[in-house]
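# Report on the structure
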Amino acid sequence: MMKQSHNTSHQKRYGQYFSGNKVAELLSALLPSSRLYSSAIDPMVGVGDLLLPAIQKVQPNSNVVGVEIDAPIAEQCAQRLSSARIIKGDSFCSKQIIIPGGWDLVITNPPYVRYQLQKDEHSVIPSSAKIRHNLCKQISTMQHLSAPDKAFFLKLAQNYSGLSDMAVPSWLLCASLLSNKGVLAIVVPEAWLNREYAAPIRYMLLKCFDNIVVARDVGTCWFENALVRTCLVVAERSNTVTFNEGLKKNIYQIDLGANLVGATSLIENMYFEGHCNYAAIVELLLWKMNVSGNGYTAHSYDATSAFSDLISIAKYAKWTAQEERSAVTSNSVLPAELTKIIGSRNHPDYVSLSDLGITCGQGLRTGANDFFYMEIVSEESQFYIVRGKSWCKQLQSFSVKKNNIIKVVQNRSNVDGLVVVPAELGFGVLRISNEIRATDRASCSRKKFSEIRVLSDALTGYIGAGETYVDSRGRHFKEYSAVSPNEKKDDSGFTSYWYMLPSFTKRHLPDLCVTRINSMLMYGKEASNRKQEIDRQHYTIPNQRPKDKHCGKI
Ligand SMILES: C[S@@+](CC[C@H](N)C(=O)[O-])C[C@H]1O[C@@H](n2cnc3c(N)ncnc32)[C@H](O)[C@@H]1O
């Protein structure tokens, strides 16, 4: 989302990607048009981009509040929004955001912060455990929530996945702050629609909200350098219903293309029923018609197909109420996009792989493949000889002890045929768990490394080179967001260094592996050659079944 001028690590740590005026105006246009709000809050207000246009929709002399954890940003916001009260603080702790009847409008763009980045001891952003604890405390003190609603929000807050980023507790805070009939307006990446960690949010939305409108940036153009689509979600708090009731609700989805964007608005070129720009979307929302226009489509989906994965996730999730689990009647359904193609003929009840007791997961993500993956060129009794890397000119090839390399299928082209034979694999991942460099002795934890084993000179040199190498974006491997969490400490020192991958789990060592085949964009002849090669690989069955017992199937 829109970049701030100050340094990127500060920006990432606070999740300071501000919405900008155009996204803010569009979100305001999606708010129910005939309504004036008696109170409004942005609990993660930044410099006030979202609150500024929303103030137009608030009754005079209403309670308008913004909360911002970063003092200079809060100061900037206060100067910009003189009619609002800007609180410098942490919204997961601030007592000032709990008001007797709940808020009429809660609008925000929550921070997408990975807690792993919060390693600085003086960081103002609390740890994930602290945020969960604070969120539960906030919910417990909310007088406007009925006892069952309070218990419902608490169950979600206590049980959302620890892998989620800060956006999940932020959603829960925002939703719980609303009065009955209050409106939630939120800027989110599309991940909230399909990531498993965001499933409790989809569940909560269906149970507690009506008139759910989702506007999607299908051209991925609303934010500079955005890698993911943005969604704007607007919904009205209603009486909490059962999950089965929630699944009967509709979601109105508007897909907005890049050609609609103009100099002053993201939908400057949108036309509907003689209306243009914001007036067009307001009119569309009045009718909620299924239409395709000039660069946009709008469609009402039933919740089961819009959130097709939710039923199977909710059936087993810790955050689902016990009675809801057994009451969920329907089974997994097809996603809306597929139903559109197949039509609405009667579908059989689908059985998911998890129903059959098969767990699926992504393979290993090292966070820095260029550092952790090694190409094995030959082997001796105790060692592999691995090829040097283009980023590490000083090591052409070097030897690594066999127990420091685990052979891997890095991609489809590593495998000939349909069965993986470890002995034939030419790639491995660097696995260091109980050895450290001699230079790390002073900083290591005495508890963890009671008997210190020192890495070979070659690996010490390789890690050292990896520490000084700077990539084209000016970053060191150890600073990559998925590598820096490898570093862990106890009170006597490091228990794990950046060059140590976490222990492998079952999903990293699967019985069956489906490799990705669409990892490159190719055109013309190159693409057709590659397709032929892939087809050949897919249908090649080895002449002889390998004898190796530890083979995996592709
Ligand atoms: C993604 S930005 C969005 C700001 C603004 N709502 C907008 O749309 O432009 C999130 C903001 O929340 C602030 N923030 C992060 N954690 C917070 C917390 N616990 N309490 C209050 N503000 C927080 C960040 O400093 C950042 O300015």
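Residues numbered from 1 in each chain as written. Predicted model: local features only at pLDDT ≥ 70, side-chain atom pairs only at ≥ 80, totals over all residues. Heavy atoms only, no water.

Our next topic: the pattern of salt bridges. Tallying each qualifying case throughout the model produces 19 salt bridges. Notably, a salt bridge pairs Arg80 with Asp49, separated by 2.6 Å at the nearest N-O pair. Of the two residues, Arg80 sits in helix α4 (residues 71-80) while Asp49 sits in the loop between β1 (37-42) and α3 (51-54), which places them 31 residues apart along the sequence. By relative accessible area, Arg80 is classed as partly exposed at 33%. Where Lys207 meets Glu324, a salt bridge forms, and the shortest distance between an N and an O atom there is 2.3 Å. A residue pair is termed long-range when its members are at least 10 positions apart, and Lys207 in helix α9 (residues 199-208) and Glu324 in helix α14 (residues 322-327) qualify at 117 residues. A single network of salt bridges, built from pairs that share partners, joins Glu190, Arg216, Arg229 and Asp255. (Salt bridge = Lys/Arg side-chain N within 4 Å of Asp/Glu carboxyl O. Helix = DSSP H or I, 4+ residues; strand = E, 2+ residues; numbered from the N terminus. Buried < 20%, exposed > 50% of the residue type's maximum accessible area, 1.4 Å probe, protein only.)

Moving on to the pairing of β1. By the criterion of burial, β1 is predominantly enclosed, with five of the six residues buried. Both β1 and strand β2 (residues 58-68) contribute to a ladder of five bridges, which runs parallel. What sits directly across from Ile41, in β2, is Val65. Sheet analysis places β1 next to strand β4 (residues 103-108), joined by two bridges and oriented parallel. Of the residues in β4, the one forming a bridge with Ile41 is Val106. (Pairing = 2+ DSSP bridges.)

In total, this model carries 20 aromatic pairs according to the counting rule given. Ring centres of Phe371 and Phe477 lie 5.6 Å apart, and the angle between their planes is 50°; on these two criteria the pair is classed as tilted. Of this pair, Phe371 sits in helix α16 (residues 369-372) while Phe477 sits in the loop between α17 (457-468) and β21 (488-490), placing them 106 residues apart in sequence. Taken as a pair, Phe371 and Phe477 share a single burial class, namely buried. Ring geometry for Trp391 and Tyr462: centres 5.3 Å apart, planes at 45°, overall tilted. Of this pair, Trp391 sits in the loop between β14 (383-387) and β15 (397-401) while Tyr462 sits in helix α17, placing them 71 residues apart in sequence. With respect to burial, Trp391 and Tyr462 carry one shared label: buried. Put simply, the rings of Phe371, Phe372, Trp391, Phe398, Tyr462, Tyr469, Phe477, Tyr480, Phe494, Tyr497, Trp498 and Tyr499 pair up and form one aromatic cluster. Its end group placed over the ring of Tyr480, Arg475 keeps NZ or CZ at 4.3 Å from the ring centre. (Phe/Tyr/Trp six-rings, centres within 6.5 Å; stacked < 30°, edge-to-face > 60°. Lys NZ or Arg CZ within 6 Å of the ring centre and 35° of its normal.)

This part takes up the site of the ligand. The environment of the ligand is formed by 24 residues, the closest being Ser19, Asp42, Met44, Glu68 and Asp90. One of the backbone N or O atoms of Met44 is found 2.7 Å from a nitrogen atom in the ligand. Within the side chain of Asp90, a nitrogen or oxygen atom sits 2.8 Å from a nitrogen atom of the ligand. Considering the ligand on its own, with 590 Å² of exposed area, one finds that the protein chains cover 99% of that surface. Class assignment for the residues of the shell around the ligand results in 13 nonpolar, seven polar and four charged. (Near = heavy atom within 4 Å. Polar contact = N/O pair within 3.5 Å; in protein donor to acceptor, adjacent residues only side chain to side chain. Areas by Shrake-Rupley, 256 points an atom, 1.4 Å probe, with all protein chains shown as cover. Nonpolar A, V, L, I, M, F, W, Y, C, P; charged D, E, K, R; others polar.)

If you walk across this open sheet you meet the five strands as β15-β14-β13-β18-β16, and the pairing is antiparallel. Whereas interior strands pair on both sides, the edge strands pair on one side only; in this sheet they are β15 and β16 (405-407). Neighbour-to-neighbour, the strand axes of the sheet open up by a mean angle of 45°, direction not taken into account. As paired strands, β14 and β15 are joined by five bridges and run antiparallel to one another. In the sheet register, Tyr384 faces β15, and the bridge partner there is Val400. (Axes fitted to C-alpha atoms, helices over the stretch in contact; angles between N-to-C directions.)

Time to look at a nonpolar patch on the surface. On the surface, Val351, Leu353, Leu356 and Ile358 cluster together to form a nonpolar patch covering roughly 380 Å² of accessible area. Positionally, Val351 belongs in the loop between α15 (336-342) and α16. Look at Val351 and you get exposed, because its relative accessible area is 56%. (Patch = residues over 30% accessible without salt bridge, like charges linked within 9 Å, V, L, I, M, F, W, Y side chains within 5 Å.)

Another aspect to go through is the side chain of Ser28. In this structure, Ser28 sits in helix α2 (residues 20-30). A relative accessible area of 5% means that Ser28 is categorised as buried. If sequence neighbours within four positions are ignored, Ser28 has contacts with Pro53, Ala54 and Lys57. (Contact = heavy atoms within 4.5 Å.)

Let us look at the confidence of the model for the protein. Residue-level pLDDT values for the protein average 86, and 86% of them are 70 or greater. Counted against residues more than four places away or in other chains, residues 534-554, with its pLDDT under 50, gives 38 contacts. (pLDDT = per-residue confidence, 0-100.)

Bringing α2 into the picture now. Spacing of three or four residues puts side chains on the same side of an α-helix, whose turn is 3.6 residues. Within α2, eight of the eleven residues are buried, leaving the element largely enclosed by the surrounding structure. For α2, the full list of buried residues reads Gly20, Val23, Ala24, Leu26, Leu27, Ser28, Ala29 and Leu30.

The biggest cluster of nonpolar side chains holds 66 residues, and the ones touching the most others in it are Trp171, Trp192, Met204, Leu206, Phe209 and Trp319. Those residues in contact with Met204 that lie beyond four places of it in its chain are Phe152, Phe153, Leu156, Trp171, Ala175 and Phe209. Formed by 46 residues, the second largest nonpolar core is a distinct cluster that contains Ile86, Val234, Met270 and Ile281. (Core = buried A, V, L, I, M, F, W, Y, C linked by side-chain atoms within 4.5 Å.)

Orientation of helix α6 (residues 147-159) relative to α9, taken along the N-to-C sense of each, is 170°, at an axis distance of 11 Å. Here α6 is positioned roughly antiparallel relative to α9, judged by the angle of their axes. Between α6, through Phe152, Phe153 and Leu156, and α9, the contact on the second element is made entirely by Pro200, Tyr203, Met204, Lys207 and Cys208. Its residues assigned to classes, the contact of α6 with α9 shows seven nonpolar, no polar and one charged. (Parallel < 35°, antiparallel > 145°, perpendicular 65-115°, else oblique.)

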